[in-house]
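# Structure at a glance
Chain residues, written in single-letter form:
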Amino acid sequence: MKAWIMKAPAAIHTRPLQLIDFPIREPAEDEIRLRVSTCGVCRTDLHVVEGELPLRHSPLIPGHQIVGIIDAVGSAVDEFAVGDRVGVAWLHRTCGKCKFCLDGNENLCDQPDFTGWTVDGGYAEYVIAAAKFTYKIPAAFDDVQAAPLLCAGIIGFRCLRLTGWTAVEWRGASLGIYGFGAAGHIAIQLARARGSDVYVCTRDRERHQALAEELGATWVGGASEKPPVQLDASIIFAPAGELVPVALDAVRKGGVVVLGGIHMSPIPSFNYSLIYGERMLRSVANNTREDGKDFLLEAASVPVRTHTQTFSFPETPEALIALKEDAIKGAGVIVV
Ligand SMILES: [Zn+2]
Ligand SMILES: [Zn+2]
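Now for a quick tour of the structure.

Analysis parameters
- Residues numbered from 1 in each chain as written.
- Chains lettered and ligands numbered in written order.
- Predicted model: local features only at pLDDT ≥ 70, side-chain atom pairs only at ≥ 80, totals over all residues.
- Heavy atoms only, no water.
- Helix = DSSP H or I, 4+ residues; strand = E, 2+ residues; numbered from the N terminus.
- Buried < 20%, exposed > 50% of the residue type's maximum accessible area, 1.4 Å probe, protein only.
- Polar contact = N/O pair within 3.5 Å; in protein donor to acceptor, adjacent residues only side chain to side chain.
- Pairing = 2+ DSSP bridges.
- Donors = N, O, S within 2.8 Å, 3.2 Å for Na, K, Ca; no water.
- Tetrahedral: all angles 85-135°; square planar, octahedral: opposite > 155°, others 65-115°.
- Axes fitted to C-alpha atoms, helices over the stretch in contact; angles between N-to-C directions.
- Patch = residues over 30% accessible without salt bridge, like charges linked within 9 Å, V, L, I, M, F, W, Y side chains within 5 Å.
- Areas by Shrake-Rupley, 256 points an atom, 1.4 Å probe, with all protein chains shown as cover.
- Salt bridge = Lys/Arg side-chain N within 4 Å of Asp/Glu carboxyl O.

The next thing to look at is the side chain of Glu-31. Relative to the helices and strands, Glu-31 resides in strand 3 (residues 31–40). By relative accessible area, which is 7% here, Glu-31 ends up buried. In this structure the side chain of Glu-31 is engaged in a polar contact, spanning 3.0 Å, whose partner is the side chain of Arg-25. A distance of 2.8 Å separates a polar side-chain atom of Glu-31 from the backbone nitrogen of Ala-28.

Structure, rendered in structure tokens:
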């Protein structure tokens, strides 16, 4: 098969990805193999390719928002069959034995594998996945629309979940979103459907701010601009630590600021008064399978409409360069 691999991390502009012929392997007994149709590009792919996340596997095929058709199944797989359309996400598999797995917090597993980081991902014509960590894709979404749901969507959903709000509390609440790329443009659609007003702080007037307005933001401002009301909660999707004190300053007493990224630049020190008043700051790490399933159901019922910019398979490096330059409106998707 054709696959994009990286051997060692380097700045994306120096073209660390190479297109090569790569062997196709057979699935193990609990695995499936997909013929890849689409693969979303995620900021985490950039963190992997550029070395902000340590190299765990080399050569590595990145990519973890994969939609495809199953073309082979392992002998112990009973939930899927050849020909099924499925999605593969970041959480490739967990150990099932550690305290976190046993307590229902498999997103925090001590021995996890991640698609496109510790095992090969979807910047390729075929990919292997663990059947039990694979999702059915609702019929409402075509392959391009579905790809960004698998990380940007699921992680955005978990960020909303970690506000701790009930369905009633979402109604009329004021939610801030800092950084408005793939995850932000999905999270706003869920939050609006749940009855909240959304305040978006993001740079890039032309693409990100325009899309936020299109998707019904109550107010749109610059990355560190202060919204006109006190917010009940905020999510920071931008990997910019300097936004943490900015977001804390805009949230009410008892409010929560959720950090949605896997990597963030250092957080500057700030006065205790910013977090006093029982304000909370918490990160999101990965997702559980339950998050994924619950999200896909909600996304289909809203229905969420992903705004995508497609790239052909040979253009994969250009997709990552565009992401790095904040030049994608919505989510980038590679059509394999
Ligand atoms: Zn575990
Ligand atoms: Zn991702």
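Read on for the rest.
Glancing now at the pairing of strand 5 (residues 85–88). Of the strand pairs in this sheet, strand 4 (residues 66–73) and strand 5 are connected by 4 bridges, and their pairing is antiparallel. The partner of Gly-68 across the bridge, within strand 5, is Val-86.

Attention now goes to the coordination of the zinc ion (ligand 2). Here the zinc ion (ligand 2) is held by the protein donor atoms Cys-42 (SG), His-64 (NE2) and Cys-151 (SG), which lie 2.0 to 2.2 Å from it. Between consecutive donor residues of the zinc ion (ligand 2), the sequence gaps follow C-x21-H-x86-C. Here the residue His-64 occupies a position in the loop between helix 1 (43–50) and strand 4, and Cys-151 occupies one in the loop between helix 3 (143–146) and helix 4 (152–161), the gap between them amounting to 87 residues.

What follows deals with the coordination of the zinc ion (ligand 1). The protein atoms that coordinate the zinc ion (ligand 1) are Cys-95 (SG), Cys-98 (SG), Cys-101 (SG) and Cys-109 (SG), at distances of 2.3 to 2.4 Å. Around the zinc ion (ligand 1) sit 4 donor atoms, and with donor-metal-donor angles ranging over 104 to 118° the site reads as tetrahedral. In primary sequence terms, the donor set of the zinc ion (ligand 1) follows C-x2-C-x2-C-x7-C. Its relative accessible area of 24% is what places Cys-95 among the partly exposed residues.

Strands in a sheet are paired, the pairing made by backbone hydrogen bonds, and the direction either parallel or antiparallel. One open sheet accounts for 6 strands, arranged 12-11-10-13-14-15; its pairing is parallel. Edge positions in the sheet fall to strand 12 (219–221) and strand 15 (280–283), since each has one partner strand and no second. Each strand axis lies, on average, 15° off the axis of its neighbour in the sheet, ignoring direction. For strand 10 (residues 174–178) and strand 13 (residues 231–236), the ladder comprises 4 bridges, and the chain directions are parallel. Each residue of the ladder has a partner; that of Tyr-178, found in strand 13, is Ile-236.

What follows covers a nonpolar patch on the surface. Together, Ile-267, Phe-270 and Leu-281 line one region of the surface with nonpolar side chains, adding up to about 220 Å² of accessible area. Topologically, Leu-281 is positioned in strand 15. Overall, the relative accessible area of 32% leaves Leu-281 in the partly exposed class.

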